[in-house]
Each structure stands twice: as C-alpha cells, then as structure tokens.
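Architecture at a glance
This is what each chain is made of:
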Amino acid sequence: MWGIVGQRVFRHGSSAMSLQGTRPAILASRSFSSAAKEMTVRDALNSAIDEEMSADPKVFLMGEEVGEYQGAYKITKGLLEKYGPDRVLDTPITEAGFTGIGVGAAYHGLKPIIEFMTFNFSMQAIDHIINSAAKSNYMSAGQISVPIVFRGPNGAAAGVGAQHSQCYASWFASCPGLKVLAPYSSEDARGLMKAAIRDPDPVVFLENELLYGESFPVSAEVLDSSFSLPIGKAKIEREGKDVTITAFSKMVGYALKAAEILSKEGISAEVINLRSIRPLDRATINNSVRKTNRLVTVEEGFPQHGIGAEICASVVEDSFEYLDAAIERIAGADVPMPYAANLERLAVPQVEDIVRAAKRTCYRSSSLAATA
Amino acid sequence: MALSHLSSTRSNRLLRPLAAAASSLCRPISTSTEPLVIETSIPFTPHKCEPPSRSVETNPQELLTFFRDMATMRRMEIAADSLYKAKLIRGFCHLYDGQEAVCVGMEASINKKDCIITAYRDHCTFLGRGGTLLEIFSELMGRQGGCSKGKGGSMHFYKKESGFYGGHGIVGAQVPLGCGLAFAQKYNKDENVTFALYGDGAANQGQLFEALNISALWDLPIILVCENNHYGMGTAEWRAAKSPSYYKRGDYVPGLKVDGMDVLAVKQACKFAKEHVLKNGPIILEMDTYRYHGHSMSDPGSTYRTRDEISGVRQERDPIERVRKLVLGHDLATEKELKDIEKEIRKEVDEAIAKAKESPMPEPSELFTNVYVKGFGTESFGADRKELRATLP
C-alpha cells in the first residue's frame, strides 16, 4: 500500500515529537516569540485557588491536612500562611460532618472549597453533595443557591488498590444540579478551577493525582488572574479527520499519544478533551463525529453506565446517519482495582488499547486484515 | 400549674374583690406589655452548665400572641390533615400539632438574623419565621403560589430572608448544615446564632456527632435542639437509643432538658442558649414534647402508642391549653375572647385554603427552571428527549 512508504518516512521525522510526553502535538509545532512558561498542574491549582481567595473574601478552604500539612498532595501549599486559620481550615477525619458544614456555609452565602483527600472518601459525604447541595436550588425554587466546590484527586493512582482507585465521574455527572469538571493540562486546571470557584452552583472538580507533577506550557493569558475557562465547553486538543477520540483527565494524554501512533499509520485522529463532564459538550462531540464518522470514547472508570455510555447514546441519538462504524468504548476493567503491577496495568486503559479501538473503527484491525 | 408560684408583686391579682373582677370583664383583651413573671412547669435539668432560672419574664401581649400563634399552627395542621385525606396534598405530610410551643417559644427569644434549620416536620417552624398560611397551603397542594413555587412540597419550605433554611428530607442532614450556617455567622462576625432542630430518631446519627465535634473545636454559635417527641417514626426512644438522655449526648458539650410543652420554658431556654453559645460554643437543648399525629399522614400513630397515652398528654400537657389557663388565670382575656380568637383563626385558615386552591399548578416549563443558577445554555431533557427538551438559562 502507498501509505506504508509514506508512513515510514513520516515516522522518522516525527519521532522526536512523539517522545515529548504529554505536551499536545499542536503546541509543540508552534514557534513562540519568547520561551513559553511551563507550569505543573499542582502549581496551576494552587495559584488558581490563591488568586480566587485573594479576590473574594467569601472563599474559604476546608479539608483534611489542607492547612498545616500544606495539603496531602501539596495543592494547598502556602495558603494557611497567607490567609490564616479562619479561611484555611484543617478538619477531623469526618467527611459527612465537614461536607455538611461546608454546604450549610454555602447556603448562608459563603463560597467554600471542600477538599476530599481522594474522591473515594466523598462517598461518606455523598448525601450532602447530592441531596443537600445539588438539589437545593431546584427544591427551593431558586431561594437557596449553593456556590460550593468539592475538589480532590479522582480515579486510579499507582498501586493504591481497590478502595482508593475508583473514578466517580459518572456517578456525579448523572445528577442534575451538579456541575462536574475534569481538567487535564495546567491551563485546564487554572481556568476550570477559577470558573468553578466563581460559579454559583455546586461544582465537583475531579483532579488526578498522577497529573499533579506534570508540566504544561502556559501562555501569559492563562497566567493572568482574570483567566477562566467556560464551563460546558470541550477543547479539541488535536484536529483530525478520520476518527474522533473523546477523553478527560489523564486519558487525554494517552489519547494524544495514541493519535501520534495512529497518524503514522495514516489515521488522522481528532482528540477531544471533554473538560466538562456535566454539562457535557454534546455539540462539539457530535460536530466532530459528523466530520470523522467514527468515535472512540476513553475513560478510566468502570465501563458500565460510564461516561462513554452517555457519549455513545448522545451520538447515536443525534448523529446516527453520520456513523460509518460502531462506536468503541475504552474504559477501566470491569473489576475492582487489583494491586499487583501487572494486573493493575490490565485494569486501566493503555495507549495501545486506544490505538486498537481506533483502528477497529477504521476497519484496520489486524484480526480483520488476517481474514481478508 | 404556675399560678401557685407567682411572684409577690402579682399575687394580689388572684385575690382581687369580685367588683373589680366584674369590671375587668368589660375591658378589652389585654395588650399590655407590663412585665409578668411566671414560673415554668418544672425546673430545667442541666448537663455541664448552670441552668437558667425557672422564673420567666413575659407580658400579657406576649402571652396572647403565644396563644394566637399556637392556635393558628394547630388549626393549620388539622386543616392539612383534611386536605391530605381529600387527596389535595400528596406524598409526605408530617404534622406538628402538639409541638407548637417549641417553635413559638424559640421565635420569642431570637430575631430573623438568627437562623433556624429543621427536618421535614417544618410547616409550623416556617410559619413562625414569617411564612404565610397561603404560601404554606399552596406549597402543600403543589401550586405556583407556594413558598417553593410548588417544586418542593411539604418537606422543602424555605425563607432565606428571615433565616429559615428548610425543610430537609434526609434524617440528620440538617444538623451539619446548621453547623455550617453557624460557621458562616461566625465567619461574617455576625452576633447571631443558629438553631438546628432534629428529632429523637435523628439524635443517633453519626453526622450529628461529627458536626458537633467540629463545632465544639471551632466554637461555632450553634444550638442543637432535640425535639424529643419520644418516637422516631414507630420506634420508641428506648428501643433506638442506649441513652435517651439526649441533652447529655453531647458529652463534652453542655445541655439542658426543657419541658417542650411549656412555651415560656422554651423561650427561657432559647434565650439562655443564645447567650451561652455566643460566648462558649455549642449547647444542646432537649425539648420534651409530643406529637398528636402519627409520624406522617400514612401512620395512624396508634400502633406503637396507646390512645390513653395520647389523650393523657392532650389533657395534662397541651401547650395551648396551658397558655389558655395562664391567660384566664391572670385575667388577660375572657373565655369568650379566646374562643373568638380561635373562630377568627379558623376563618383565616379556611380563607387561605380557598385562596390556595385558586392558585394554578406550575407551568410545564417550570420543570426545567432552577436546576442551576447559571445554566450556560446547557440542554436538559424530558422523558422522551426528542419530544421534550429545554435550554437552561
């Protein structure tokens, strides 16, 4: 096939790019007038919270180890010294109690940021997130609004086992009245965190422990204290024309790597970084699928009733005639997270899983080729 | 009864000669604000604190207001019972009759910048915070004129501008929420307090102790009020709590046990509690009270209680009858005047119901309002999304 020769040449030229880790391919090919500043996701979150606390005295922070310990993952480093113990509060290990207190403070008009050390512990407080926060504006016909942010690491880390690895995106995103955000890059982290803190509704902000240390380039606009990103809008991280790949959080990096690999095989993948799980940017997803005619959804969480299932339903409902292949779903394995490293690797999506699924939508999978 | 313990300045009223008593029959109902000191039915029982005095300062106008407010609440709840049986009220309906003294006595000691939060037995608490009969009946019947525009129902009444934060359906959730309100009051440096009301059933909830621990650590101006009506739905307190001394359950947090059927005792306890928490952090008030109805309208209330018990409380401890006796005993009004007030109230309630029935059901478009404060144009869907969808503003 003509594509193979071309791909070989292409592969050499682009090998340097593909080794650049998580940096989006598009940005790497631009030239900047001055060196782009880099910022870790951790610093992006810290600076966003810091700036919003500085701008609005009603914003305060509450959670386990957020103050004197400087944050279990150091996201809230330096904030206690800067804002004092009245605004940065260390709590006992009582999620139901402190989450309820946070929601009550939001009822009264303050703007709490409640940290869950990981979202696995949010299950102890989920009644307050759903019944006390999400539904109040509706039940009170607009009298009781709840301007609160629930944030913390979500999903799998590394080797932490079944009770510390679940992704809660689909549970929270199914609930009307909540907004659910999932940043990937430092720009996402800054812009979405600022939007979440300023937002008058309850926001579940799903971070990722393994992304905290990752660096991304940030422009001057992103660094400005007035920067924010719109809630409900996805970002096309990489344009393409053959297959759409949707992802959020850490999986965006994997999808971008997969897109690189696919491009060498002549498949141009469009990678969509969802950014907002609820509201879901159905328009961007559907417009992309209407262009590419193929879809692979990627998520880290359990597959049944997950984010991919919702995206699949949305595309089938709104863009059925545009599909040239069945929609593919890549998700975490349908098992509790195992500890052993090899089993853990099998339980979480890998780049090759995304590549394989994309090829299937292009009728290029090796098993099909063998039968041809 | 309290009459035998009157302070000396007022004791001569009882011994007034008949002639003077006769002339008092012609005078209008007393609106005097001259102080009157009345003893509570029983002393307060303290836990780790000095109890307030049994002598409560009040005045004729206040007592008559108590009578009117409690009688209105009583009449309202009984009318709600009929509306429920007529199927105009649907779902859950938890009635407060018998417990009126708790919310009325509380209101007498606080202002509208103090906050109250309670569970689902909230009709009278809402009325006490300045809600109207029309808003209440309209909401119960799911009409536009309801305080939550028909979107909440019996368990979800709110009046934020007068410090009433609901109206909560999940047992116990209102306690940490109330501690959060108190946190905000302290954060804002208001000199105000929050009363978080809960029942004997909710008193065993873990989140209550979690929130109480944090409130005590952070010195929050929160008063936990256990409205102990002795039954958590169908379960008597002794079957649910190893220690039904709810005023002691705070352990390191002081508490006070109060006769919740005596509106003056409630007033005194709440006044004491407000002063206490502004200086010393949380306190627990246990109101010994009783509900005449079952847990809700689907519970007759007599499978786990004897009819004798219910009628016994009605005869011996009814909060409205207690105030009636005080008013009559102190010559603040005649029996006929009090009966006239009750007739007036009945008429007011009937008129409110009639007006509420005229309020329309919400527009179908209201299905999609108030999901968010700011919807950013996102879409929401009905059962068949190809048929019914809306953009959230």
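Computed from a predicted structure; not experimentally measured. (Residues numbered from 1 in each chain as written. Chains lettered and ligands numbered in written order. Predicted model: local features only at pLDDT ≥ 70, side-chain atom pairs only at ≥ 80, totals over all residues. Heavy atoms only, no water.)

**Things to note about the overall build of chain B**
Note the following rule: Note on conventions: DSSP H or I runs of at least 4 residues are helices, E runs of at least 2 residues are strands, and numbering of each starts at the N terminus. Whether a residue is buried, partly exposed or exposed follows from its accessible area with a 1.4 Å probe, protein chains only, as a fraction of its type maximum: under 20%, in between, or over 50%, in that order. Every residue pair with non-hydrogen atoms within 4.5 Å of one another is taken to be in contact. In this charge count, Lys and Arg are treated as positive and Asp and Glu as negative; neither His nor the chain ends contribute. Where a charge lies is defined by one atom per residue type: Lys uses NZ, Arg uses CZ, Asp uses CG and Glu uses CD.
Of the regular secondary structure elements, chain B holds 13 helices and twelve strands. Across its three principal axes, chain B shows a C-alpha extent of roughly 85 × 50 × 45 Å. Taking all 393 residues of chain B together, the buried fraction comes to 57%. When contacts within chain B are restricted to residue pairs at least 6 apart in sequence, those whose partners lie at least 24 apart make up 71%. Counting 51 positive and 50 negative side-chain charges, chain B places the averaged centre of each group 1 Å from the other.

**A word on the UniProt feature "domain: Transketolase-like pyrimidine-binding" (unreviewed entry) in chain A**
Heads up, the condition is: UniProt positions are given in the numbering used here, feature names are shortened, and annotations may be inferred rather than shown by experiment.
Listed under "domain: Transketolase-like pyrimidine-binding" (unreviewed entry) in the UniProt record, and renumbered for this structure, are residues 39–214 of chain A. End C-alpha atoms of residues 39–214 of chain A are separated by 8 Å, and the span's content is 37% helix alongside 16% strand.

**Things to note about the pairing of strand β11 (residues 269–273) of chain A**
All names here are of chain A. Put simply, the rule reads: DSSP bridges decide pairing: two strands pair if at least two such bridges lie between them. The crossover handedness rule: strands pointing away from the viewer, path from first strand over the helix to second strand clockwise, crossover right-handed.
Here β11 lies mainly inside the structure; five of its five residues are buried. The alternating pattern of β11 places Ala269, Val271 and Asn273 and Glu270 and Ile272 on opposite faces, both of which are buried. The sheet contact formed by strand β9 (residues 235–238) and β11 spans three bridges and is antiparallel. The residue of β11 that forms the bridge with Arg238 is Val271. As defined by bridge partners, strand β10 (residues 243–247) adjoins β11 across five bridges and the pair is classed as parallel. Its bridge partner lying in β11, Val243 is registered against Ala269. Between the parallel elements β10 and β11, the chain passes through helix α11 (residues 250–264) in a crossover that is right-handed.

**What to know about the confidence of the model for chain B**
Residue and element names in this part refer to chain B. What counts here: Every residue is assigned a pLDDT by the predictor, reflecting its confidence on a scale from 0 to 100.
For chain B, the mean per-residue pLDDT works out to 94, and 93% of the residues sit at or above 70. Contacts of residues 1–24 to residues separated by more than four positions or lying in other chains number 22 contacts, the stretch itself having pLDDT below 50. The complex prediction reports pTM at 0.90, with the ipTM value standing at 0.91.

**Focus on unusual backbone geometry**
That bond from A:Arg278 to A:Pro279 is cis: its omega, 0 degrees, falls within 30 degrees of zero. Looking at the secondary structure, you find A:Pro279 in the loop between β12 (276–278) and α12 (282–292). Following B:Gly166, the chain continues to B:Gly167 via a peptide bond in cis, the omega torsion being 20 degrees. Take B:Gly167: it is sitting in the loop between α6 (133–140) and α7 (174–187). Here the phi dihedral of B:His230 falls at roughly 75 degrees; this positive angle occurs in a residue that is not glycine. Relative to the helices and strands, B:His230 is located in the loop between β6 (222–228) and β7 (231–232). Residue B:His230 is classed as buried on the basis of its relative accessible area, which comes to 18%.

**Quick notes on the sheet that holds β9(A)**
All names here are of chain A. The cut-off we apply is this: Where helices are involved, their axes are fitted lines through C-alpha atoms of the stretch in contact, as for all axes, and angles between N-to-C directions lie from 0 to 180°.
Taken together, five strands build an open sheet; the order of strands is β9-β11-β10-β13-β14 and the sheet is mixed. Taken across any chain shown, the strands that pair with only one partner, and hence form the sheet edges, are β9 and β14 (328–330). Strand after strand, the sheet turns through a mean of 25 degrees between neighbouring axes, direction not considered. As paired elements, strand β13 (residues 295–298) and β14 share three bridges and run parallel to each other.

**Quick word on the packing of helix α5 (residues 95–108) of chain A against helix α8 (residues 206–217) of chain B**
Note the cut-off: Each angle is binned into one of four classes, with values under 35 degrees roughly parallel, values over 145 roughly antiparallel, values of 65 to 115 roughly perpendicular, and all other values oblique. Each crossing gets its hand from how the near helix is turned against the far one by less than a right angle, where anticlockwise is left-handed and clockwise is right-handed. Charged means Asp, Glu, Lys or Arg here, nonpolar means Ala, Val, Leu, Ile, Met, Phe, Trp, Tyr, Cys or Pro, and polar covers whatever is left, Gly included.
At a closest axis distance of 7 Å, the pairing of α5(A) and α8(B) adopts a crossing angle of 70 degrees. In terms of orientation, α5(A) and α8(B) fall into the roughly perpendicular class. Seen along the crossing, α5(A) lies across α8(B) with a hand that is right-handed. Of α8(B), the residues touching α5(A) (which contributes A:Glu95, A:Ala96, A:Gly97, A:Phe98 and A:Ile101) are B:Gln207, B:Glu210, B:Ala211 and B:Ile214. Here the residues of the contact of α5(A) with α8(B) sort into five nonpolar, two polar and two charged.

**A closer look at the sheet that holds strand β4 (residues 111–115) of chain A**
Residue and element names in this part refer to chain A. The strand order across the open sheet built from seven strands is β3-β2-β4-β5-β7-β6-β12, with neighbouring strands paired in mixed fashion. A single partner strand is all that each edge strand has here, and the edge strands are β3 (88–90) and β12. Sheet twist, expressed as the mean angle between neighbouring strand axes with direction ignored, is 20 degrees. Packing against the sheet, α5 makes contact with β2 (59–63), β4 and β5 (149–153), and its axis sits at approximately 165 degrees to β4.

**A word on the pattern of salt bridges**
Our working definition: By convention in these notes, a salt bridge is any Lys or Arg side-chain nitrogen within 4 Å of a carboxyl oxygen on Asp or Glu.
Applying the stated rule across the entire model yields 45 salt bridges over all chains. Put simply, A:Arg238 and A:Glu260 hold a salt bridge, and the shortest N to O gap is 2.7 Å. Separated by 22 residues along the polypeptide, A:Arg238 in strand β9 and A:Glu260 in helix α11 bring together distant segments of the chain. A residue is classified by how much of its surface remains accessible, and A:Arg238, at 14% relative accessible area, is buried. Here B:Lys274 and B:Asp114 are joined by a salt bridge, their closest N and O atoms 2.8 Å apart. Of this pair, B:Lys274 sits in helix α10 (residues 263–280) while B:Asp114 sits in the loop between α4 (100–107) and β4 (115–117), placing them 160 residues apart in sequence. We classify B:Lys274 as buried; its relative accessible area is 15%. Beyond isolated ion pairs, a larger network of salt bridges with shared partners links A:Glu51, A:Glu52, A:Arg190, A:Lys194 and A:Arg198.

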